[in-house]
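# Close look at the chain arrangement
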Amino acid sequence: MEQRVSFITLGVADLPRAREFYETLGWRALPQSNETVAFFQCGGIVFALFGRQSLAEDANVAPYGEGFSGIALAHNVREKEEVDAVLAEAEAAGGRILKRGEDAFWGGYTGYFSDLDNHVWEVAWNPGGVIGEDGSFHFSSE
């Protein structure tokens, strides 16, 4: 298996509502989206929203579990001040702030929110990283 992630797909309770949440944050759905799935190009990865029940059936697993799923998505920003701005955007769109922006032990600045289906997102500024024009994150070589 090559070292690559191609898609990240979230199972959501209400696809139109979830799509509207991300579009309110300024994301643009790809033309391949339809009434059963929404696709968003995120640098070299496609982010997708799919009905939770349908996604669980497709993977042959139960659609609901309890508590934290053990996964956090991350959105890195170019400037420290952007962390609080993105958290405010998420909250205004209906997301829930889990942790306000604060200095991190590793030297960055980070906060967390959850989307409408309680998927956890970290918003982080990492002084050791560079964000390319396509939105890709790379650790700096220095």
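Residues numbered from 1 in each chain as written. Predicted model: local features only at pLDDT ≥ 70, side-chain atom pairs only at ≥ 80, totals over all residues. Heavy atoms only, no water.

### Observations regarding the overall build of the chain
Convention followed: Runs of E in the DSSP output that reach at least two residues are strands. Runs of H or I that reach at least four are helices, and both are numbered from the N terminus. As defined in this context, the radius of gyration uses C-alpha atoms, and a globule is described by 2.2 Å times the residue total to the power 0.38. Partly exposed residues are those whose accessible area sits between 20% and 50% of the maximum for their type, while under 20% is buried and over 50% is exposed, using a 1.4 Å probe and protein chains only. Working rule for contacts: check all heavy atoms of both residues, and any pair within 4.5 Å makes them a contact. Throughout, the Shrake-Rupley method with a 1.4 Å probe supplies accessible areas, and for residues the shown protein chains are the sole cover considered.
Across its full length, the chain holds three helices and nine strands. Scaling as 2.2 N^0.38, a compact globule of 142 residues should have a C-alpha radius of gyration of about 14 Å, and the chain matches this with 16 Å. C-alpha atoms of the chain, sized along the principal axes, occupy 45 × 35 × 30 Å. Looking at the chain residue by residue over its 142 residues, the buried ones come to 33%. Put simply, of all contacts in the chain between residues at least 6 apart along the chain, 46% involve residues at least 24 apart. Here the chain displays about 9,200 Å² of accessible surface, and carbon together with sulfur accounts for 51% of that area.

### Side note on the layout of surface pockets
Put simply, the test is: Cavities and pockets are defined on a 1 Å grid built over the protein atoms alone: a cavity is a set of grid points where a 1.4 Å probe fits but cannot escape, while a pocket is an open set with protein on both sides within 12 Å along at least five of seven lines, and lining residues are those with an atom within 4 Å of any such point. Grid points are joined across faces, edges and corners, and a volume is the space filled by probe spheres set on the points. Only Asp, Glu, Lys and Arg are considered charged, only Ala, Val, Leu, Ile, Met, Phe, Trp, Tyr, Cys and Pro nonpolar, and every remaining residue, Gly among them, polar.
Considering only enclosed or pocket space, the largest pocket measures out at about 1,100 Å³ in volume. Taken together, 30 residues form the lining of the largest pocket, with Trp27, Cys42, Ala74, His75 and Gly135 sitting closest to its centre. Of all the elements in the fold, those that place two or more residues in the lining of the largest pocket are strand S2 (37-42), strand S3 (45-51), strand S4 (73-77) and helix H3 (81-92). Top element by residues in the lining of the largest pocket is S4. It accounts for five residues. Its residues assigned to classes, the lining of the largest pocket comprises 17 nonpolar, eight polar and five charged. Considering only enclosed or pocket space, the second largest pocket measures out at about 660 Å³ in volume.

### Points about the side chain of Asn126
Quick note on the threshold: Identification of polar contacts relies on pairs of N or O atoms within 3.5 Å, with a donor-acceptor requirement for protein atoms, meaning one able to donate a hydrogen and the other able to accept it, and with residues adjacent in sequence counted only if both atoms are side-chain atoms.
Examined against the element boundaries, Asn126 turns out to sit in the loop between strand S7 (120-125) and strand S8 (129-131). A polar contact of 2.7 Å, which involves the side chain of Asn126, links it to the backbone nitrogen of Gly128. Those residues within four positions of Asn126 in sequence are excluded, and the remaining contacts are Asn76, Trp106, Phe137 and Phe139.

### Side note on the sheet that holds S3
In plain terms, the rule: For two strands to be treated as a pair, DSSP must find no fewer than two bridges joining them. To define axes, lines are fitted to C-alpha atoms, for helices over the stretch in contact only, and angles between the resulting N-to-C directions are given on a 0 to 180 degree scale.
In space, the three strands of this open sheet follow the order S1-S3-S2, with mixed pairing throughout. Edge positions in the sheet fall to strand S1 (7-12) and S2, since each of these pairs with one other strand and no more. If you compare each strand with its neighbour and ignore which way they point, the axes differ by 20° on average. In terms of strand pairing, S2 meets S3 through six bridges, oriented antiparallel. Note on S3: the bridge partner recorded for Gln41 is Val46. Running at roughly 105° to S3, helix H2 (residues 52-59) makes contact with S1 and S3 of the sheet.

### Brief notes about the confidence of the model for the chain
Under the convention used in this document: The predictor attaches a confidence to each residue, called pLDDT, with possible values from 0 through 100.
Averaged over every residue, the pLDDT of the chain is 91; residues scoring 70 or more account for 98%. Taking the mean pLDDT of every element in the chain, the minimum, 86, falls on H2 and the maximum, 98, on helix H1 (residues 15-24).

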